[in-house]
Amino acid sequence: MKKLKRVAAIHDISGFGKCSLTVALPIISAAGIETAVLPTAVLSTHTGGFTGFTYRDLTDDMASITAHWKSLDIRFDAIYTGFLGSFEQLDLVTLFFETFKTAGNIILVDPVMADNGELYKIFTPEFATGMRKLCEKADIIVPNLTEASLLVGESYHPGPYTNVYIEDMLKKLSALGPKKIVLTGVFFNEEELGAATYDAVTGEIAYTFEKRIPGYYHGTGDVFGSALLAAILNDFTLNEAAAIAVRFTTSAIRKTAEAGTDIRYGVNFEQSIPEFLSDLNLNG
Ligand code: PXL
């Protein structure tokens, strides 16, 4: 039996719509990793396509949760952050990193703020600058191409992309600080969609693709980020972890598309978990 690893997942909890903590907690736990959660806000649904959602901000609790965990001498093998609601939360997450970062653990930042060329409605361009500062402190970042262009201060290019464009972007992102980059939403033609990875220490760049399923499905970035981190903590390399995460996310999207589910309701990752565990060699 391997030692149980532990993640601190810092995201909001959207009660309905399967994203952020309602995705990270089940996926990382299913992969045999303990998941402590620091909820940044409680919403009735996510903000993508629903109107009238409730939003209970938990900013005021974040520093005291950090202090309590520190007093208990809790250690983490990884810290995973996603959707953050304000500048103040960016600062509080920085405090969390300063409190719990060790030489051996991993900080994974998913700079959730934009997609399809647009910032999510609740964010301002200044927030993107704040998110860049947070990314500078990460070991691994997982932006989509819209977030990547905001982070490097370039205008958004809708694709299809070229190797030259993607590799230039990977290197610019790594120049911000993180040694490992996983760029999502990469495609060179309309048939396939996937991710590119870059390890600045080895210089290795790799791609992983699956057949594209048309349509925009909500929460897929969180399914991808959670699966990626779970695979890394199960000792897969960055490229292998990205391939496992692309396969899992695509499988969940395929099931959702086949069922004709409302795209705002999130993807059917639950029924793809057995396949995911088999990819992780965990179903024995
Ligand atoms: O999946 C990203 C996400 C997380 N949390 C909330 C969101 C979104 C994207 O819209 O609204 C509350």
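Residues numbered from 1 in each chain as written. Predicted model: local features only at pLDDT ≥ 70, side-chain atom pairs only at ≥ 80, totals over all residues. Heavy atoms only, no water.

1. Some thoughts on the overall build of the chain
Helix and strand content of the chain: nine helices and 11 strands. Its C-alpha radius of gyration of 17 Å places the chain within 12% of the 19 Å reference for a compact globule of 284 residues. By principal-axis analysis of the C-alpha atoms, the chain measures approximately 50 × 50 × 45 Å. Residue burial in the chain is summarised as follows: out of 284 residues, 50% are buried. A separation of at least 24 residues holds for 67% of the contacts in the chain among residues at least 6 apart in sequence. Accessible surface, the chain: about 12500 Å² in total, of which carbon and sulfur atoms supply 54%. Taking the 23 positively charged and 34 negatively charged side chains of the chain as two groups, their mean positions are separated by 3 Å. (Helix = DSSP H or I, 4+ residues; strand = E, 2+ residues; numbered from the N terminus. Rg over C-alpha atoms; globule rule 2.2 N^0.38 Å. Buried < 20%, exposed > 50% of the residue type's maximum accessible area, 1.4 Å probe, protein only. Contact = heavy atoms within 4.5 Å. Areas by Shrake-Rupley, 256 points an atom, 1.4 Å probe, with all protein chains shown as cover. Lys, Arg positive; Asp, Glu negative; His and termini not counted. Charge placed at Lys NZ, Arg CZ, Asp CG, Glu CD.)

2. Section: the packing of aromatic side chains
In total, this model carries 17 aromatic pairs according to the counting rule given. Where F16 meets Y265, the ring centres are 4.9 Å apart and the plane angle is 75°; that geometry is what we call edge-to-face. Placement of the pair is F16 in strand β1 (residues 5-16) and Y265 in the loop between α8 (238-259) and α9 (273-279), with a sequence separation of 249 residues. Judged by relative accessible area, F16 falls into the partly exposed class, the value being 39%. Residue classification places Y265 among the partly exposed positions, given a relative accessible area of 35%. Each ring, one from Y161 and one from F187, has its centre 5.4 Å from the other, and the planes form 75°; the classification is edge-to-face. Residue Y161 is located in the loop between α5 (145-152) and α6 (163-175), and its partner F187 is located in the loop between β9 (180-186) and β10 (192-199); the two are separated by 26 residues in the primary sequence. Here the aromatic cluster, defined as three or more aromatic residues joined through ring pairs, consists of W69, F76, F96 and F100. (Phe/Tyr/Trp six-rings, centres within 6.5 Å; stacked < 30°, edge-to-face > 60°.)

3. Digging into the sheet that holds strand β4 (residues 78-81)
The nine strands are arranged β3-β2-β1-β4-β5-β8-β9-β10-β11 in an open sheet whose pairing can be described as mixed. At either end of the open sheet lies a strand with only one pairing partner, and these are β3 (55-57) and β11 (204-211). Of the pairings in the sheet, the one linking β10 to β11 comprises eight bridges and is antiparallel in character. Along β11, the bridge assignment pairs Y198 with I205. In this fold α5 packs onto β8 (140-141) and β9, with an angle of close to 130° to the strand it touches most, β9. (Pairing = 2+ DSSP bridges. Axes fitted to C-alpha atoms, helices over the stretch in contact; angles between N-to-C directions.)

4. So, the side chain of E147
Position of E147 relative to the elements: it lies in helix α5. Within the buried set, E147 has no salt-bridge partner at all; the shortest N-O distance to an opposite charge, 13 Å, is to R132. Beyond its immediate stretch of four places on either side in the chain, E147 contacts D110, P111, V112, M113, A114 and V142. (Salt bridge = Lys/Arg side-chain N within 4 Å of Asp/Glu carboxyl O.)

5. Considering the environment of L72
Topologically, L72 is positioned in the loop between α2 (59-71) and β4. Along the chain, L72 and V201 lie 129 residues apart, while their C-alpha atoms are 34 Å from each other.

6. Re the environment of F83
Summarising the element assignment, F83 is placed in the loop between β4 and α3 (87-100). On a C-alpha basis, the gap between F83 and M113 in space is 7.2 Å, while along the polypeptide they are 30 residues apart. Setting aside anything within four residues of it in sequence, one finds F83 in contact with H11, D12, T40, Y55, V112, I122 and F123.

7. A few points about the pairing of β4
Here β4 shows two buried faces, one formed by A78 and Y80 and the other by I79 and T81. Summarising the sheet, β1 and β4 pair through four bridges and their orientation is parallel. Among the inter-strand pairings, I10 is bridged to a residue of β4, identified as T81. Bridge count for β4 against strand β5 (residues 106-109) is four bridges, and the pairing is parallel. Within β5, the position partnered with Y80 by the bridge is L108. Viewed along the sheet, the connection from β4 through α3 into β5 turns out right-handed. (Right-handed = clockwise from strand over helix to strand, strands pointing away.)

8. Comments concerning a negative patch on the surface
A grouping of D57, D60, D61, E88 and D91 is seen on the molecular surface, where their side chains present a negatively charged patch. Of all the secondary structure elements, the ones that give two or more residues to the negative patch are α2 and α3. By secondary structure assignment, the location of D91 is in helix α3. Residue D91 is classed as exposed on the basis of its relative accessible area of 56%. (Patch = residues over 30% accessible without salt bridge, like charges linked within 9 Å, V, L, I, M, F, W, Y side chains within 5 Å.)

Don't take any of this as a statement about function, it's just geometry.
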